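Working through the structure, step by step
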Amino acid sequence: MRPIAKKNAESPLNERLANSGFRFTPQRQQVYEVLLDKRDHPTAEEVFIRAKRARPDISMATVYNCLTALVQCGLARQVSLERGAARFCPNMQAHCHFYCDGCEKVFDINLPAKAGIPLPNGFKAERYDIAIHGRCPACANSKQ
């Protein structure tokens, strides 16, 4: 086995994919690296554009399939904000998202350790999908 192939075969990405019934592919690795690179919650189209720089042969369908695999095996989250395109986030820690209405960027906001929302009796939350809308510091301080 070549050194790079051996490294990929032993990677945490490969392990998570395999445990979820997916096989490791260079395309999945590239898409995951795109998500980890900037952590700016890109849309599938933005992931495609960035992945294409390193893998000119990658298709939009492949990017969608890779993103689906990454979400299904717990390496990324699909984030839906309003009616815009879904975005993808590799941060799997408990957090919510802040959407800036000025620059349209998405930021991770850590939740307090014991964050919780009172639920009616019998309901049990398994995860939160919280989006806060407003203006980031740069947009709040600009004269618009």
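Here the structure is shown first, and the text comes after it.
Throughout what follows, the structure given in this document is the object of discussion. If you're wondering where the values come from, they're calculated on a predicted model, not measured in any experiment. (Residues numbered from 1 in each chain as written. Predicted model: local features only at pLDDT ≥ 70, side-chain atom pairs only at ≥ 80, totals over all residues. Heavy atoms only, no water.)

Further remarks concern the overall build of the protein chain. Along its length, the protein chain carries 6 helices and 5 strands. The linear arrangement of helices and strands in the protein chain, starting from the amino end, is α-α-α-α-α-β-β-β-β-β-α. Counting only residues that meet the buried cut, the protein chain has 34% of its 144 residues in that class. Within the protein chain, counting contacts between residues at least 6 apart in sequence, those at least 24 apart form 46% of the total. Summed over all atoms, the accessible surface of the protein chain reaches about 9800 Å², with 50% contributed by carbon and sulfur. (Helix = DSSP H or I, 4+ residues; strand = E, 2+ residues; numbered from the N terminus. Buried < 20%, exposed > 50% of the residue type's maximum accessible area, 1.4 Å probe, protein only. Contact = heavy atoms within 4.5 Å. Areas by Shrake-Rupley, 256 points an atom, 1.4 Å probe, with all protein chains shown as cover.)

In terms of nonpolar packing, the biggest core is built from 20 residues, with Leu 13, Val 31, Leu 35, Val 63, Leu 67 and Leu 70 touching the most fellow members. Sequence-distant contacts of Val 31, defined by excluding residues within four places in its chain, comprise Val 47, Ile 58, Val 63, Cys 66, Leu 67 and Leu 70. Ranked by size, the runner-up nonpolar core spans 5 residues in total, among them Val 79, Leu 81, Cys 89 and Tyr 99. (Core = buried A, V, L, I, M, F, W, Y, C linked by side-chain atoms within 4.5 Å.)

Attention shifts here to unusual backbone geometry. At Arg 39, a residue that is not glycine, the phi angle is positive and equals roughly 50°. Looking at the element boundaries, Arg 39 is found in the loop between α3 (26-38) and α4 (44-54). By relative accessible area, which is 44% here, Arg 39 ends up partly exposed. The phi angle at Glu 104 is positive, at roughly 65°, despite the residue not being glycine.

Turning next to helix α2 (residues 12-19). Those residues of α2 that sit buried are Leu 13, Asn 14 and Leu 17. The buried residues of α2 all sit within an arc of 95° when viewed along its axis, so they share a single face. Across α2 from its buried face, at more than 90 degrees, point the exposed residues Pro 12 and Asn 19. Backbone geometry just after α2 places Gly 21 at a positive phi near 90°. (Arc of directions from axis to C-beta.)

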